[in-house]
Amino acid sequence: MASSSAPLNSSVLPNKRDSLPRKPLFSTRFHGVLDFPPKRSLKCERPFCGVGVVKASAAATVESKVARDRTDDEKGRILRVGLICGGPSAERGISLNSARSVLDHIQGDDLHVSCYYIDCNFNAYAISPAQVYSNTPADFDFKLESLAQGFKSLSDFVEHLATSVDIVFPVIHGRFGEDGGIQELLEKANIPFVGTRSNECRKAFDKYDASLELDKQGFITVPSFLVQGSELKETELSTWFTKNNLDAKQGKVVVKPTRAGSSIGVTVAYGVTDSLAKANAIISEGIDDKVIIEVFLEGGREFTTIVLDVGSGFDCQPVALLPTEVELQAHGSVDSNEKDIIFNYRRKYLPTQQVAYHTPPLFPEDVIRNIREGASLLFQQLGLRDFARIDGWFLPPSAHTGYLTSNKFGRSESGTIVFTDINLISGMEQTSFLFQQASKVGFSHSNILRTVIQHACLRFPNLRQYSLVSSPSVKTKSSQTNKAFPKHQDPRKVFVIFGGDTSERQVSLMSGTNVWLNLQAFDDLEVTPCLLAPAKGYSSNLDTDKTKLGVSSRMVWSLPYSVVLRHTTEEVLDACIEAIEPVRAALTSQLRSQVMDEIMDGLKKHEWFRGFDISDDLPKRYSLDQWIKQAKEVGATVFIAVHGGIGEDGTLQSLLEAEGVPYTGPGVIASKTCMDKVATSLALQHLSPHGVLTIAKDVRRKEDLLKMSPLDIWHELTSKLRSETLCVKPARDGCSTGVARLCCDGDLAVYIKALESRLPRIHPNSLSKTHGMIEMPIPPPELLIFEPFIETDEITFSSQLSSGNTHDLLWKGNSRWVEITVGVIGKRGSMRSLTPSITVKESGDILSLEEKFQGGTGINLTPPPLSIISNEALEKCKKHIELIANTLQLEGFSRIDAFVNVDSGEVLIIEVNTVPGMTPSTVLIHQALAERPPVYPHKFFRTLLDLGSERSL
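Note that this is a predicted model, so its numbers are computed, not measured.

## Focus: the pairing of strand 4 (residues 111–118)
The buried fraction of strand 4 is high, at eight of eight residues. Alternating residues of strand 4 divide into Leu 111, Val 113, Cys 115 and Tyr 117 and His 112, Ser 114, Tyr 116 and Ile 118, and every residue in both groups is buried. Bridge count for strand 3 (residues 79–86) against strand 4 is eight bridges, and the pairing is parallel. If you follow Gly 86 over to strand 4, its bridge partner there is Ile 118. As paired elements, strand 4 and strand 5 (residues 124–127) share four bridges and run antiparallel to each other. Among the inter-strand pairings, Tyr 117 is bridged to a residue of strand 5, identified as Tyr 125. What sits between strand 4 and strand 5 in their antiparallel hairpin is a turn of five residues, with Phe 122 showing a positive phi close to 65°.

## Digging into the packing of helix 14 (residues 365–381) against helix 21 (residues 582–603)
Relative orientation of the contacting elements helix 14 and helix 21 amounts to 20°, with a least axis distance of 12 Å. Taken together, the axis directions place helix 14 and helix 21 in an arrangement best described as roughly parallel. Of the two elements, helix 14 crosses helix 21, and the hand of that crossing is right-handed. Contacts between helix 14 and helix 21 involve Glu 365, Ile 368 and Arg 372 on the former and, on the latter, Leu 587, Gln 590, Leu 591, Val 595 and Glu 598. By residue class, the composition of the contact of helix 14 with helix 21 is four nonpolar, one polar and three charged.

## Side note on the pattern of salt bridges
One side chain can pair with another of opposite charge once the charged atoms of both are near each other. Across all of its chains, the model carries 46 salt bridges by this definition. Residue Glu 570 pairs with Arg 505 through a salt bridge whose shortest N-O separation is 2.6 Å. You can see Glu 570 sitting in helix 20 (residues 569–579) and its partner Arg 505 sitting in helix 17 (residues 505–519), a full 65 residues away along the chain. Arg 505 gets classed as buried once you look at its relative accessible area, which sits at 13%. Among the ionic pairs, Lys 876 bridges to Glu 872, the shortest N-O distance being 3.9 Å. Note that Lys 876 and Glu 872 are positioned in helix 30 (residues 871–887) at a spacing of four residues, about one turn of the helix. When its relative accessible area of 40% is taken as the criterion, Lys 876 is described as partly exposed. A network of salt bridges, in which partner residues are shared, links Lys 207, Lys 256, Glu 294 and Asp 421.

## Some points on the sheet that holds strand 11 (residues 290–295)
On the basis of which strands lie adjacent, the open sheet formed by four strands has the order 8-11-9-10 and antiparallel pairing. At either margin of the open sheet sits one strand with a lone partner, and together these are strand 8 (224–228) and strand 10 (267–270). Averaged over all pairs of adjacent strands, the angle between strand axes in this sheet comes to 30°, irrespective of strand direction. Pairing between strand 9 (residues 252–257) and strand 11: five bridges, direction antiparallel.

## With respect to the packing of helix 15 (residues 433–440) against helix 16 (residues 445–457)
When two helices pack together, their arrangement is given by the angle between the helix axes and the distance between those axes. At their nearest, the axes of helix 15 and helix 16 sit 9 Å apart, and the two run at 105° to each other. Relative to helix 16, the element helix 15 lies roughly perpendicular. Of the residues in helix 16, those in contact with Leu 434, Phe 435 and Ala 438 of helix 15 are His 445, Ile 448 and Leu 449. Looking at side-chain class alone, the contact of helix 15 with helix 16 contains five nonpolar, one polar and no charged residues.

## A word on helix 21
Between its first and last C-alpha, helix 21 extends 31 Å over 22 residues, near the 32 Å set by a 1.5 Å rise per residue. Looking at helix 21, one finds that the buried residues are Arg 584, Leu 587, Thr 588, Leu 591, Arg 592, Val 595, Met 596, Ile 599, Gly 602 and Leu 603. Axial view of helix 21: buried residues confined to an arc of 160°, hence all on one face. Relative to its buried face, helix 21 has exposed residues pointing more than 90 degrees away, namely Pro 582, Val 583 and Asp 597. Tucked into the core, helix 21 has its buried residues touching strand 13 (318–320), strand 15 (355–358), helix 14, helix 15, helix 16 and helix 20.

Scoring rules and cut-offs
- Residues numbered from 1 in each chain as written.
- Predicted model: local features only at pLDDT ≥ 70, side-chain atom pairs only at ≥ 80, totals over all residues.
- Heavy atoms only, no water.
- Buried < 20%, exposed > 50% of the residue type's maximum accessible area, 1.4 Å probe, protein only.
- Helix = DSSP H or I, 4+ residues; strand = E, 2+ residues; numbered from the N terminus.
- Pairing = 2+ DSSP bridges.
- Axes fitted to C-alpha atoms, helices over the stretch in contact; angles between N-to-C directions.
- Parallel < 35°, antiparallel > 145°, perpendicular 65-115°, else oblique.
- Left-handed = near helix turned anticlockwise from the far one by under 90°.
- Contact = heavy atoms within 4.5 Å.
- Nonpolar A, V, L, I, M, F, W, Y, C, P; charged D, E, K, R; others polar.
- Salt bridge = Lys/Arg side-chain N within 4 Å of Asp/Glu carboxyl O.
- Expected span 1.5 Å × (residues − 1).
- Arc of directions from axis to C-beta.

Okay, structure coming up:
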């Protein structure tokens, strides 16, 4: 959402805060089955009846009761899995993302999931599956006591698990999840669980202890130095520097916590003094009280590999999948002032061109073989179970390795392999390494997760009776289609298109991937993911007439399963080209066959394993014109997930309409109008008597900004817009790209300099007012919009336990305006508003890219708390939103960003997104889940698809 300055209302909120009056959603006898998403079926029953709310029926209550009162015979058929997420570490947001992904892909008629959450203070709760789709734990932390069943202690929690689930799947990353904490609790209660035992977890999780164990087991290790507690050990560290031929003042090292994951706290240091200072910072910030300093592996190339245990019971038979090379790229969009490139938290979890992934790695074949052999050996020797991820480095012969131990596993003529990190609960987000590597050797998301769970059951005699269908819902286009779900004669064809070349293309990839995976839940659909490749010289910022030249010759790639699971569109495109390169394709095929043979050797003895369900297809390339004709020929509906550019300005819609191909979202005219923020305001300005207000705007060309002095421009703008604080944004970009608050001519000068220098981002607090990272569009926009900045009262979330376990939401309410985002859905002329969301900004005044679309960041309040806006004002707000949607002739679905007056429900429009973000953590998902009954993601996206298929062209 783009914020825009003088307060709109000076009235003051009374000096008290209302509590959040809510009915408890769960009774004290909750067993994790209420409010559960409906089972997947061959047909979609429309969750929005006539685009109205479906009321909860008696059938839903009966269904819940049936689920609770299952007979013993039914319990024998249905495996009850307890999914536990959260935890006390900084990785708890990533844990929530993993839980969401696991929940999406393991559900089925033969497996029932109960969801649980542990907060940062080790309080355990049974939560609704709907809460798993929250953006962050903070979204519901402050509501847990009223919305979930809390347990008095972890002992009570474990007692509950012992009677309510058959096996636990812990997806807590970091402390308490990977250090043996949760495992020890489960072991003491004799509760089966997926993954490694507590004692082995403790040894492998601590990086320093693990390094000692690896050395003992005969593996090459990186020289390291331990800093613990308040001990500084400057003399000892100086000796260690000398021993490893490092300069005491400038020697390059890596400083990292021993017991934290996701690269949290990892940094590069130079010399003894800098190393100790950074180690002390990690300790003082509370990240960890044990820190290791390691020699920086100069010239090394990072890799990671998933290891899967395919043995029977306690008989370990590890198979390493195809490793992935993590290539850090110190060029392109990397900031010139970023001295050292490391695989940090941001690069792991946000799309960035600073990292490229290669599966298999671009290493010599014998090195890949040694990595797989070493990872499998390490897995076995450390006593790991079911699956794990093992990270390391490959040092080519040219790299200096004199400081590494000799005569250990990992040395060869082709170079040296060093294993460095063991991840006992690997990340399980949609495009994580687990799914990337598994799909390369024939596993869908569902198949690999169910295989892991079923394998864990083999260790427990009372669970061996369960036989899950290894892949209950995901189809393939090959003869390997799962026999349990026979292919229908005429499944509906769906083409999901994403990508493009605007600054929103990475979010588009996340959206398209999420839509594709969710629609695969339906057995009557055949869904094909498609990448709109960038065009040379094409930019959404150019004049419309120019951009239409040659649009129909743009390239579209039809993608196989494994190629989609990437972090950037550039990486997807590179993977397409790489996949059809003969030598590379031959090597990948050969390695794939080897791994599949090893897996089958272990799993073929089990009846529950139905084989691999992802075929080794190649990507196919079409011109956009050919692709549209192909869609017409097969009768496909196009699900548009291309944000910005031709996907949102009416161009793609016009091309599809010309061929009679149905598509999702608004039509040509509405798309054109909403893409132009000025045109949107003009189309709505007559609605002011009806409670819909617009913001004054001034449009400037980039070249004009570069010619004039910032001071002169500032005076012109503030005089014309009658505001001393401005908001600047690209005229034709979204996703918070390039949106900034400007408080003085100095801020404007910084912004103009960023445009002139083509900077990929403006770093936090570069402007006079505190702010987070500002992602800038590349190339810079030709047109920019300046608006008054709308002052709203800060809403803050306090996790300080001020009264027992109550988390507080703080809002002064002086201006009486808050910023909202809301989805609208339906047919043209009868669009309906979903429940608006208020998103609490974690830094600055404008939502960052991360806060909008990346799971684990940002706090969304859906519905808005009654302490901020009354139900009466909220209903008026929704009516105004519907008026906006129908005036603009929206259809299908869109997202409207606005400010709302919490007393009157008046709406001040910011912008309309006709192809809104559809990532796993987008607020549209939260708003669909706020419906009664909740509309879960696969049903939500199916509804959007059906609206598109039924449109009148």
